[in-house]
Amino acid sequence: MNQESYAKPAPEDPEDDAQATRRDAGDAESSRANRGWWDRNADEYQSEHGAFLGDDRFVWGPEGLDEAEAALLGPADSLKGKDVLEIGAGAAQCSRWLAARGARPVALDLSHRQLQHALRIGDDVPLVEADAGRLPFRDGSFDLACSAYGAVPFVADPVNVMREVRRVLRPGGRWVFSVTHPIRWAFPDEPGPEGLSVAASYFDRTPYVEQDEDGDAVYVEHHRTIGDRVRDVVAGGFRLVDLVEPEWPAWNAQEWGGWSPLRGNLIPGTAIFVCERD
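Residues numbered from 1 in each chain as written. Predicted model: local features only at pLDDT ≥ 70, side-chain atom pairs only at ≥ 80, totals over all residues. Heavy atoms only, no water.

Draft legend 1. Broad picture of the packing of helix H1 (residues 27-53) against helix H4 (residues 112-121). The contact between H1 and H4 brings their axes to 7 Å, and the two run at 35 degrees. Every residue of H4 that contacts H1 at Trp38, Asp39, Ala42, Asp43, Tyr45 and Gln46 is listed here: His112, Arg113, Gln114, His117 and Arg120. Tallied by class, residues from the contact of H1 with H4 come to three nonpolar, four polar and four charged. (Axes fitted to C-alpha atoms, helices over the stretch in contact; angles between N-to-C directions. Helix = DSSP H or I, 4+ residues; strand = E, 2+ residues; numbered from the N terminus. Contact = heavy atoms within 4.5 Å. Nonpolar A, V, L, I, M, F, W, Y, C, P; charged D, E, K, R; others polar.)

In structure tokens, the structure reads:
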């Protein structure tokens, strides 16, 4: 059962023969595998999905929920002058949207190649290559933090990420992140009818791992239940303000991995956690 992330395109050489399995994978292995995977596949990802994401659009997930409409970080006119950290920024599309509204974003990503695509689009946003579990910023550096399918699904210790985000936020700061909706892990990752029947336990937290012939991980994704995610948020020192489950809009006819109009009209595909630091 291939539990692909929203961000994950089909693999290219040399990992085409990677074996999919469910097994334990710690922080170091997960970070190393996913850094390498995104460096290898960033070109294909941006080529395949760049038109949907745009160069300066803030999209929370495959459903197409736009921050311009959702205002989960706050009203657009309240963003001016705010210091914002985007985690798992990819080509920094969301950061450019924020900058256009007068915010001062910093785009952080684990993948060097993803950040090269950010530079290809433009050099108007500061870029930082770093791990979300070790943010290279002083305490209280930002007013807001956000992540659209970045970092959180790929780390073995999400509470550590939450604590790091809290550390770099100022009191009253907001942290909003989106992930694959946990219920999706119980279903095959298929966009058609075959993806509508439960095939695994929702309560199985064993990571999804793609590994090479030597057993070394080349891609890792971690499953948490909805309850786990809420507890992670609280353990990280945040107050959960809202949990958004975007409905599939009538205008969106695309299929993206296991996301599709068929499935999107029946079961949720994305969960967005809106959190605040007291």
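Draft legend 2. Main features of the sheet that holds strand S10 (residues 270-276). One open sheet holds the seven strands; their spatial order is S4-S3-S2-S5-S6-S10-S9, and the pairing between them is mixed. The open sheet has two free edges, formed respectively by strand S4 (127-129) and strand S9 (239-244), since each of these has just one partner strand. Across the sheet, the axes of successive neighbouring strands diverge by a mean angle of 20 degrees, strand direction being ignored. Pairing of S9 with S10 involves five bridges; the strand directions are antiparallel. Paired with Leu243 across the bridge in S10 is Phe273. (Pairing = 2+ DSSP bridges.)

Draft legend 3. Structural view of the layout of surface pockets. For the largest pocket, the calculated volume is near 610 Å³. As for the largest pocket, its lining consists of 38 residues, of which Gly88, Asp109, Gly150, Ala151 and Phe154 are closest to the centre. Of all the secondary-structure elements, those providing two or more residues to the lining of the largest pocket are H1, strand S2 (83-87), helix H3 (93-100), strand S3 (104-109) and helix H5 (158-168). Here the lining of the largest pocket is composed, by residue class, of 20 nonpolar, 11 polar and seven charged. (1 Å grid on protein atoms, 1.4 Å probe; cavity = no way out; pocket = protein on both sides within 12 Å on 5 of 7 lines; lining within 4 Å. Points joined across faces, edges and corners; volume = space filled by probe spheres on them.)

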